[in-house]
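# Chains, contacts and geometry: an overview
Now for the letters of each chain:
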Amino acid sequence: MELKNYDEAIKEYKSAIDTNPNYLLSHYGLVDAYRKIDDFDSAINELKKILSIAPKNTMVNKILGEIYMQKNEEKEAYNYFSSVLEKNPHDIDALYYLALIAKNNSKYDEAISYFEIILKFHPKFLEGYIQLAFLYDKTNQNSKTIQILENSNKLHPSNSDILFYLALSYSRAQQNEKAISAISNAIKINPKNAEFYYYLGILYDKTGNFDEAIKAFYKTIEINPKKADAYNYLGYLYADRRIKLEESVSLISKALEFEPENGYFIDSLGWAYFRLNKLNDALNEITKAIRYVNNDPIVYDHLGDILFKKEEFEEAVTVWEKSLSIKKDPKIQEKLDKARELIKNK
């Protein structure tokens, strides 16, 4: 309906209310017209008039709560939805919005309790499973995350997003074979989803299946030619294995066309140059990467490797110490000790 028609509807509803102030359908019609044109304050005023006529009307409280949510006034919304629950403890809309308010305010345990009630009385409510899985994950309850997603998958076996979230949870629990199975099933349902293939590539890499990882990343790019992370991941895999190094540089450079200030991509390019023994180019790129990513131990480790190969041992020691200050790693400690020994024996 055009705005002009809503204005006419508002006039008609107002006229009807003037004729019969207690006829609730006219008030509801006026509220709906106000909401259609985003005149939330007028809708609120009209709803409060309805409450003065029918103070026990829970539907009005619910609508008021929804409008206050649209206005991002969660405190007011909370009061109205709580009022609905007092009269109907199992009202799914009130429970859902109260759960969202709790979640938005980082009251995760409270949000969990609301969603658990929702699923108890509405066991097929898909959004409830997704939200509850997120909250369990947020509160480091990974076993519960997996359980709720497995239950959801049984109820909604054709939902690829549930399978994707389940794959993420399996991976966090180091159950990578289960994760691969879940994401593979998601791909069967939704074979055009680039993110699914990208994550499948990561899982294959984690499990040491290099060839399948490469296939998955190329499939990602085929579906989404602008997926910068996939270009970078492919390039880094080649560089790390010391194979197809020129292609590695080309792939990572492609990633940087999309995200030229991505420190991790710049680090990957530096590492590829290092593998090509282009040490000055490698040094320039890794030094540039640190401007964007100055708290990642791997980037400092890469810089240390370059400096060590250039026989700049004192500088290598400094950056490896920086790497170890961020995260302890026995392999880096071993390299650091070797560099110190070489300096000592100069």
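Residues numbered from 1 in each chain as written. Predicted model: local features only at pLDDT ≥ 70, side-chain atom pairs only at ≥ 80, totals over all residues. Heavy atoms only, no water.

### Some remarks on unusual backbone geometry
- With a phi close to 60 degrees, Ser106 is a non-glycine residue in the positive phi region.
- As for its position among the elements, Ser106 is in the loop between helix H6 (92-104) and helix H7 (108-121).
- A residue is classified by how much of its surface remains accessible, and Ser106, at 48% relative accessible area, is partly exposed.
- A positive phi is found at Glu311, a non-glycine position, where the angle reads about 65 degrees.
- As for its placement among the helices and strands, Glu311 is situated in the loop between helix H18 (297-309) and helix H19 (313-326). (Helix = DSSP H or I, 4+ residues; strand = E, 2+ residues; numbered from the N terminus. Buried < 20%, exposed > 50% of the residue type's maximum accessible area, 1.4 Å probe, protein only.)

### Side note on the nonpolar core
- Ranked by internal contacts, the top residues of the largest apolar core, which has 112 residues, are Leu47, Leu64, Phe115, Ile148, Ile183, Tyr199 and Phe217.
- Once you skip the residues sitting within four places of it in the chain, Ile148 turns out to touch Leu119, Tyr129, Leu132, Ala133 and Tyr136. (Core = buried A, V, L, I, M, F, W, Y, C linked by side-chain atoms within 4.5 Å. Contact = heavy atoms within 4.5 Å.)

### Structural notes on the environment of Gly128
- With respect to the element layout, Gly128 can be found in helix H8 (residues 126-138).
- For the pair Gly128 and Tyr96, spaced 32 residues apart in the sequence, the C-alpha separation amounts to 8.1 Å.

### Describing the packing of aromatic side chains
- Per the stated rule, a full pass over the model turns up 16 aromatic pairs.
- Measuring from ring centre to ring centre gives 4.5 Å for Phe217 and Tyr233, while their planes differ by 25 degrees; the resulting arrangement is stacked. Here Tyr233 lies in helix H14 (residues 228-240) and Phe217 lies in helix H13 (residues 210-223), a separation of 16 residues in the sequence. Of the two residues, Phe217 and Tyr233, neither departs from the other in class, the shared state being buried.
- A connected cluster of aromatic rings, assembled from ring pairs, spans Phe81, Tyr96, Tyr97, Phe115 and Phe125.
- Of note, Lys227 hangs over the ring of Tyr198, and the distance from its end group to the ring centre comes to 4.6 Å.
- The ring centre of Phe274 lies 5.2 Å from the NZ or CZ of Lys309, which sits over that ring. (Phe/Tyr/Trp six-rings, centres within 6.5 Å; stacked < 30°, edge-to-face > 60°. Lys NZ or Arg CZ within 6 Å of the ring centre and 35° of its normal.)

### Description of the environment of Leu342
- Considering the arrangement of structural elements, one finds Leu342 in helix H20 (residues 330-344).
- Accessibility expressed as a relative area gives 35% for Leu342, which makes it partly exposed.
- Note: C-alpha distance between Leu342 and Ser325 (17 residues apart in sequence) is 22 Å.

### Here we look at the side chain of Arg275
- Position of Arg275 relative to the elements: it lies in helix H16 (residues 263-275).
- For Arg275, the residues in contact, after removing those within four places along its chain, are Ala239, Asp240, Arg242 and Leu245.

### Points about the pattern of salt bridges
- Within the structure shown, the criterion is met by 17 salt bridges.
- In this structure, the salt-bridge partner of Asp41 is Lys71, at a minimum N-O distance of 2.9 Å. Within this pair, whereas Asp41 is found in helix H3 (residues 40-53), its partner Lys71 is found in the loop between helix H4 (58-70) and helix H5 (74-87), the two being separated by 30 residues in sequence.
- According to the relative accessible area criterion, Asp41 is partly exposed, its value standing at 45%.
- Here Lys71 falls in the partly exposed class, since its relative accessible area comes to 24%.
- With a closest N to O distance of 3.7 Å, Asp240 and Arg275 form a salt bridge. Taken together, the residues Asp240 in helix H14 and Arg275 in helix H16 connect sequence positions 35 residues apart.
- Assessed through its relative accessible area of 36%, Asp240 is described here as partly exposed.
- A single network of salt bridges, built from pairs that share partners, joins Asp41, Lys71 and Glu73. (Salt bridge = Lys/Arg side-chain N within 4 Å of Asp/Glu carboxyl O.)

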